[in-house]
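Listed here are the chains, written in short residue letters.
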Amino acid sequence: MKNKKFIVLAISYGHEANACLMVGGEITAYAAEERFTKKKCQMGYPKHAINFCLKYAKLKPNDIDKIAIVSKNTYMEQSIVNRIDSFSIKDFLSEQYDYWYPKIYEGKKVDYLEVFKKKININQDFDFKKYLKIRKKIKSKHDYVKFFISLRTDTVAKHLKIKDRKKIIHVDHEKGHQYYALYASPKEFRKKTLILTNEGMGDRSNLTVSIVKDGHLKEVFSSTQNKMGTLYKFITLLLGMKPSQHEFKVMGLAPYASNYETKRAYDAAFKNLFKVRGYEILLNKKPKDFYFDFKNKLMHCRFDGIAGALQKITEETLVQWIKNCTTKSKINSVIISGGVAQNIKAAIPIINSKYIKKFYINPSSGDSTLSVGGCYYLSSLNNKKNIQNLNNIYLGPEYNKEFILKKIKSFTSKNKNFYVREIKNNNILVNLLSNGKVLGRFDGRMELGQRALGNRSIIADPRNQDIVRIINSKIKFRDFWMPFTPTILDKYQKKYLINKKNISCPFMTIAFETTNLFQKSAPATIHPADKTTRPQILQKIHNVKYYKLVEDFGKKTGVYCLLNTSLNLHGYPMVCSPDEAIFTLKNSQLDGLIINNYLILRK
């Protein structure tokens with residue numbers, strides 16, 4: 001028993017409810033609940049994801065030493081109505097007009113669950129009847145949080161048949177982000193680094209500053225006054241898109257705005273909104289709320305100008321904040337985590353700042369990786385020396401040859417307009433891609449997080465600008481202004497990207513300006529308005545098979561890059577299983593589907 005490995009299971013209820021398993025300091029399995037339920041951004045208890053993690057590692061619940069539930073007081077009533085995954089834009093607007101407006105502007109007492117009684121999901125994993133019976137008797141927020149924590153503990157104990165409830169520990173939301181930032185980044189960042197978290201809402205803050213020295217993390221500042229994430233969320237809604245989901249669309253729209261329209265919106269609503277003081281981000285003048293107040297201020301402004309101005313204030317504030325943090329701490333190595341860290345465009349001025357020497361953003365740095373951070377945090381309390389950095393992000397389900405062959409044969413026997421070929425080398429794939437065909441690629445284990453990184457991807461020729469229209473009209477149905485992204489081989493990044501500080505970006509987390517060569521070579525993967533791109537800079541060690549495909553495509557075409565976007569239909573999460581991959585092929589106009597060592601093609 002002396003050599004028994006310390007086993008941690010961590011779960012998160014929030015956006016993209018997720019679960020992660022760590023064995024002996026190494027992340028073994030991870031999945032988001034949405035990949036099993038097929039409800040995009042699924043909230044609630046990640047039961048299917050937990051089951052997958054344990055099954056993959058061939059472990060039983062009794063084998064687990066500690067269980068972390070990350071986040072204590074967030075997503076309580078929201079999870080009861082499955083707000084993020086079930087609300088339409090109409091519902092989000094109702095939230096403003098029927099809940100927040102009466103509460104803030106009319107001083108009325110409003111019951112959230114009464115407003116959304118038709119949206120309540122009574123099939124909760126916790127004792128919902130007990131919750132309804134007691135919730136109105138609880139007077140203080142502290143007692144409400146305590147009660148909700150007990151319900152969630154009951155859920156885990158019941159599901160996993162855990163008798164010793166002391167095994168189940170609730171971990172601060174902030175620690176999930178901080179420890180994910182520390183251990184999911186390259187090992188060099190453990191020596192001396194600033195870890196910054198910036199988001200809409202946590203358990204006790206929405207902004208933290210921590211200093212890492214020789215692997216030890218110490219939080220030195222936290223604040224609840226930062227409203228950057230809140231602002232971006234509500235402007236997203238004001239522009240007619242879903243908050244907590246479509247902020248990336250607003251970011252993609254911003255570069256299209258003219259300087260004139262950007263200035264109009266900026267002067268009307270955002271100029272001097274924030275002030276940065278030391279480690280803190282504050283509001284100069286707090287608006288009464290973040291929807292109606294800005295709606296009134298921006299009512300005469302164009303949609304693109306609003307997006308441009310919002311991105312402008314975001315970048316300005318982040319650059320000033322990071323300047324202050326690096327100057328005050330005298331540390332120029334920075335990792336940023338939390339929801340605001342997912343603003344990839346803001347990374348460009350941050351990296352270009354003279355105050356930054358080293359910079360990193362982990363894959364899916366928002367709430368979808370809180371469970372990974374929870375594993376790292378609990379394991380660090382047990383034995384820091386054993387912890388391995390997150391070098392592998394292919395942590396989801398995979399399927400064996402026999403299972404895949406069975407699914408392929410079942411599909412092609414019923415659908416005569418498809419046929420299957422075995423892939424003996426990449427020649428057939430390279431020829432199809434270079435001739436304008438669009439292929440799905442389903443291979444090996446599923447990626448962690450929201451970005452397709454080769455194993456659950458749609459791939460195409462980046463040289464063909466028209467491929468963007470083809471993919472959008474036939475498969476993805478994305479907003480016309482949103483660009484696609486590239487997978488670039490690491491040894492060609494200097495030819496394609498402007499990256500003077502050699503910032504590492506293996507997982508599509510940072511945008512870069514591009515060289516003239518790349519703009520000519522891979523126009524389908526560049527933002528048309530500002531010529532930036534968000535690359536997966538692929539290292540062979542991360543995905544040997546996919547690397548070889550991109551390399552072989554480069555040998556034929558001279559362009560060592562592929563267009564890479566997620567394998568899914570519009571409105572669906574990224575595919576998880578062979579059945580879903582085949583469903584996507586059948587219900588789209590994909591030309592073919594690579595499924596491990598087989599290729600399904602249309603006749």
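This text gives an overview of the structure that appears in the document.

Parameters at a glance
Residues numbered from 1 in each chain as written. Predicted model: local features only at pLDDT ≥ 70, side-chain atom pairs only at ≥ 80, totals over all residues. Heavy atoms only, no water. Helix = DSSP H or I, 4+ residues; strand = E, 2+ residues; numbered from the N terminus. Rg over C-alpha atoms; globule rule 2.2 N^0.38 Å. Buried < 20%, exposed > 50% of the residue type's maximum accessible area, 1.4 Å probe, protein only. Areas by Shrake-Rupley, 256 points an atom, 1.4 Å probe, with all protein chains shown as cover. Lys, Arg positive; Asp, Glu negative; His and termini not counted. Charge placed at Lys NZ, Arg CZ, Asp CG, Glu CD. Pairing = 2+ DSSP bridges. Axes fitted to C-alpha atoms, helices over the stretch in contact; angles between N-to-C directions. Contact = heavy atoms within 4.5 Å. Polar contact = N/O pair within 3.5 Å; in protein donor to acceptor, adjacent residues only side chain to side chain. Core = buried A, V, L, I, M, F, W, Y, C linked by side-chain atoms within 4.5 Å. Phe/Tyr/Trp six-rings, centres within 6.5 Å; stacked < 30°, edge-to-face > 60°. Lys NZ or Arg CZ within 6 Å of the ring centre and 35° of its normal. Parallel < 35°, antiparallel > 145°, perpendicular 65-115°, else oblique. Nonpolar A, V, L, I, M, F, W, Y, C, P; charged D, E, K, R; others polar.

### Considerations on the overall build of the protein chain
- Helix and strand counts for the protein chain stand at 23 helices and 23 strands.
- For 603 residues, the compact-globule estimate of 2.2 N^0.38 gives 25 Å, and the protein chain sits close to it at 24 Å.
- Along the three orthogonal principal directions, the C-alpha set of the protein chain runs to about 65 × 65 × 50 Å.
- Within the protein chain, the proportion of its 603 residues that are buried is 60%.
- Accessible surface for the protein chain amounts to roughly 25,800 Å². Of this, 50% is attributable to carbon and sulfur atoms.
- Looking at the protein chain, you have 104 positive and 52 negative side-chain charges, and the mean spots of the two groups are 3 Å apart.

### A few points about the sheet that holds strand E22 (residues 592-595)
- With mixed pairing, eight strands are arranged side by side in an open sheet as E13-E23-E22-E14-E15-E21-E16-E20. Unpaired on one side and paired on the other, strand E13 (418-422) and strand E20 (536-538) mark the two borders of the sheet. On average, each strand axis in the sheet is inclined to that of its neighbour by 30 degrees, with strand direction left out of account.
- In the sheet, strand E16 (residues 485-489) pairs with E20 via three bridges, with the strands oriented parallel. What sits directly across from Leu489, in E20, is Leu538.
- This element, helix H22 (residues 544-557), spans strand E14 (439-442), strand E15 (456-460), E16, E20 and strand E21 (561-566) of the sheet and lies at about 135 degrees to E21.
- Set on the sheet, helix H23 (residues 578-586) makes contact with E13, E14, E22 and strand E23 (598-602); between it and E22 the angle comes to about 165 degrees.

### Topic: the environment of Gln450
- Among the secondary structure elements, Gln450 is positioned in the loop between E14 and E15.
- Of note is the side chain of Gln450, whose polar atom sits 3.4 Å from the side chain of Glu16.
- A polar contact is formed between the side chain of Gln450 and the side chain of Gln342, at a distance of 3.4 Å.

### Some details on the nonpolar core
- In terms of nonpolar packing, the biggest core is built from 110 residues, with Tyr131, Leu231, Phe270, Trp321 and Phe359 touching the most fellow members.
- Every residue in contact with Trp321, bar those within four places of it in the chain, is listed here: Leu196, Thr197, Asn198, Leu207, Thr208, Val209, Val276, Tyr279, Ile281 and Ile336.
- By size, the runner-up hydrophobic cluster in this structure holds 38 residues, among which are Cys20, Phe189, Tyr376 and Tyr394.

### Some details on the packing of aromatic side chains
- Within the structure shown, the criterion is met by 37 aromatic pairs.
- Between the aromatic rings of Tyr399 and Phe442, the centroid separation amounts to 6.2 Å while the plane-to-plane angle is 35 degrees, which identifies the pairing as tilted. On the criterion of sequence distance, the pair formed by Tyr399 in the loop between helix H16 (370-382) and helix H17 (401-414) and Phe442 in strand E14 is long-range, its members being 43 residues apart.
- Tyr399 gets classed as partly exposed once you look at its relative accessible area, which sits at 22%.
- According to the relative accessible area criterion, Phe442 is buried, its value standing at 1%.
- The ring of Phe189 carries Lys358 above its face, with NZ or CZ at 5.2 Å from the centroid.

### Quick word on the environment of Arg463
- Along the chain, the position of Arg463 falls in the loop between E15 and helix H19 (466-476).
- Leaving out residues up to four positions away in the same chain, Arg463 has contacts with Ser434, Ser521, Ala522, Pro523, Phe553, Thr557 and Val559.
- Within the structure, the side chain of Arg463 is placed 2.7 Å from the side chain of Asp461, a separation counted as a polar contact.

### Some words on the packing of helix H10 (residues 228-238) against helix H14 (residues 303-329)
- Two elements in contact, H10 and H14, have axes whose closest approach is 11 Å; the angle formed by their N-to-C orientations is 175 degrees. Judged on the interaxial angle alone, H14 and H10 are roughly antiparallel. For the pair H10 and H14, the contacting residues are Met228, Leu231, Tyr232, Ile235 and Leu238 in the first and Ile306, Leu310, Gln311, Ile313, Thr314, Thr317 and Leu318 in the second.
- For the contact of H10 with H14, a count of residues per class yields nine nonpolar, three polar and no charged.

### Points about the environment of Asp267
- With respect to the element layout, Asp267 can be found in helix H12 (residues 259-270).
- Classification of Asp267 as partly exposed rests on a relative accessible area of 36%.
- Linking Asp267 and Lys297, residues 30 residues apart in sequence, is a C-alpha distance of 9.7 Å.
- A polar atom in the side chain of Asp267 sits 2.6 Å from the side chain of Lys263.

### Here we look at unusual backbone geometry
- A positive phi is found at Cys41, a non-glycine position, where the angle reads about 60 degrees.
- The topology assignment puts Cys41 in the loop between helix H1 (34-37) and helix H2 (47-57).
- Given the relative accessible area of 11%, Cys41 is considered buried.
- Even without glycine at this site, Asn502 takes up a positive phi of about 55 degrees.

Read these as spatial facts, not as claims about activity.
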